[in-house]
Amino acid sequence: KMRARTPALLMGISRREPIEIETAIQAFPTSVRVRVFSPSGKLLASRRTDPGEQVVPYIPEQALKRLKDLGETLERNFATYTDGLVSTVRVYIRDRNSIVGILEEEILFSKKEMDELKNLRQVDIVFAPRDFSKMTASFALSKDTLKTFPSRVFDPNILKTPEAIYFAIGDSRYALFI
């Protein structure tokens, strides 16, 4: 939200100058993919983390509707182009009371980011969907081992508890915080 209020970004959008918009988003963190769209979802400018990356020039209609209903959105998906989890955040860019654009930021949590988080917090982390079809982790964990993951951690009653769920995989004991 804070970056959506950047004066340089607002100025570039109000003038409809792609170069000014691109200059404004260059100041955003370099690890983040940034896209700026018109209120109708048409791409105005983008900054990629990989120069060879393909850019989708619009926001899908369903995502636009969801943004309109909620005012801001956060989506998490497993990346198809790398092992990792992608968080996509979309917020409206407002100039006074009118919506002048949409800011989209995409943050990748790959093996590198997981290792950094592990070293910073001194904790191992695993991101996995409920069917364990994909995963990214800060440590080596085979898919065969994941299949033994206890199904009780997805019990709706357990999801409501603020306490850790303890379980063992192989010879190691883990704590799960939801």
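Scroll up for the structure.
Residues numbered from 1 in each chain as written. Predicted model: local features only at pLDDT ≥ 70, side-chain atom pairs only at ≥ 80, totals over all residues. Heavy atoms only, no water.

Caption draft 1: Expanded view of the sheet that holds strand S5 (residues 98–110). Pairing in this open sheet of 5 strands is antiparallel, and the strands run S2-S1-S5-S4-S3 from one edge to the other. Each edge of the open sheet carries a strand with a single partner, namely strand S2 (43–47) and strand S3 (72–78). For this sheet the average axis-to-axis angle between neighbouring strands, irrespective of direction, equals 15°. Strand direction decides the pairing type here: strand S4 (residues 84–95) and S5, joined by 12 bridges, are antiparallel. Note on S5: the bridge partner recorded for Arg90 is Glu104. (Pairing = 2+ DSSP bridges. Helix = DSSP H or I, 4+ residues; strand = E, 2+ residues; numbered from the N terminus. Axes fitted to C-alpha atoms, helices over the stretch in contact; angles between N-to-C directions.)

Caption draft 2: Inspection of the pattern of salt bridges at higher detail. Inspection of the entire model under this criterion finds 10 salt bridges. The partner of Arg3 in a salt bridge is Glu105, with the nearest N and O atoms 2.6 Å apart. Pair noted here: Arg3 is in the segment before helix H1 (7–15) and Glu105 is in strand S5, with a separation of 102 residues, a long-range link. The class of Arg3 is partly exposed, set by a relative accessible area of 28%. Looking at Glu105, the relative accessible area reads 9%, which means it is buried. Across the salt bridge formed by Arg90 and Glu75, the nearest N and O atoms sit 3.5 Å from each other. One end of the pair, Arg90, is in strand S4; the other, Glu75, is in strand S3, with 15 residues separating them in the sequence. On the basis of relative accessibility, which here comes to 8%, the residue Arg90 falls in the buried class. One continuous salt-bridge network, built from bridges that share partners, spans Arg33, Arg35, Arg66, Glu75, Arg90, Glu104 and Glu106. (Salt bridge = Lys/Arg side-chain N within 4 Å of Asp/Glu carboxyl O. Buried < 20%, exposed > 50% of the residue type's maximum accessible area, 1.4 Å probe, protein only.)

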